Amino acid sequence: MSNDFRTLYRRNRLRAILLFMALGCLVGFIADVVDRHALTGGIPATVTRASQYTTQANQWFASGDGQLDVRITPDSGTAFVYPLVFSPRDIEHLLADGSIRIKYVADRPARHWRDGEPLPPMDWYLLVLAGLLGGVFVLSLRAR
């Protein structure tokens, strides 16, 4: 490598890191907005356990939630079986022959939430952080 390239690389390394981090935060915020948009157009459905012989969750996670094979019956459409992650309280309710109303994203039933619950909060901190890092990047371009 030439000496000029090394000098240019050392001089702009911080600027490249600032730009990369600002763009990463902006992409994360846009992904959050797209995800919320998909969640608002969810398909309402009723969930029951898939088999009468199911007596426990398939798998438990460190967060305390468990995965259970359930039968999802959309309000308009045919029922299908899919493994979903629920809280222990919901799993106990389903195993006691109960049912739960959910809404799910059309292409990904694993992305669901209980009907009537509010959507998760927006990640506004990503937009603020992208603005701060972008501002520092612009200021670094003016500095010599």
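Data block above holds the structure.
Residues numbered from 1 in each chain as written. Predicted model: local features only at pLDDT ≥ 70, side-chain atom pairs only at ≥ 80, totals over all residues. Heavy atoms only, no water.

Examining the overall build of the protein chain
Of regular secondary structure, the protein chain possesses three helices and six strands. From first element to last, N terminus to C terminus, the protein chain shows the α and β order α-β-β-β-β-α-β-β-α. Taking 2.2 N^0.38 as the reference for a compact globule, 144 residues should give roughly 15 Å; the C-alpha atoms of the protein chain span a radius of gyration of 23 Å, well beyond that estimate. Within the protein chain, the fraction of its 144 residues that count as buried is 26%. Of the roughly 9800 Å² of accessible surface on the protein chain, 60% is carried by carbon and sulfur atoms. Looking at charge distribution, the protein chain has the averaged site of its 16 positive side-chain charges lying 16 Å from that of its 13 negative ones. (Helix = DSSP H or I, 4+ residues; strand = E, 2+ residues; numbered from the N terminus. Rg over C-alpha atoms; globule rule 2.2 N^0.38 Å. Buried < 20%, exposed > 50% of the residue type's maximum accessible area, 1.4 Å probe, protein only. Areas by Shrake-Rupley, 256 points an atom, 1.4 Å probe, with all protein chains shown as cover. Lys, Arg positive; Asp, Glu negative; His and termini not counted. Charge placed at Lys NZ, Arg CZ, Asp CG, Glu CD.)

Some remarks on helix 2 (residues 88–95)
When helix 2 is considered as a whole, its buried residues turn out to be D90, I91 and L94. With its buried residues spanning 100° around the axis, helix 2 presents them on a single face. Turned more than 90 degrees away from the buried face of helix 2 sit R89 and E92, all of them exposed. D97 occupies a position one or two residues after helix 2 and carries a positive phi of about 60°. (Arc of directions from axis to C-beta.)

As for unusual backbone geometry
Located in the positive-phi region is D97, a residue other than glycine, with phi close to 60°. Its place among the elements puts D97 in the loop between helix 2 and strand 5 (100–104). Its relative accessible area of 59% is what places D97 among the exposed residues.

A closer look at the environment of Q56
Counting through the fold element by element, Q56 comes out in the loop between strand 1 (43–49) and strand 2 (59–60). Residues Q56 and G77, spaced 21 residues apart in sequence, show a C-alpha to C-alpha distance of 28 Å. Those residues in contact with Q56, other than ones at most four positions away along the chain, are L68 and L95. (Contact = heavy atoms within 4.5 Å.)

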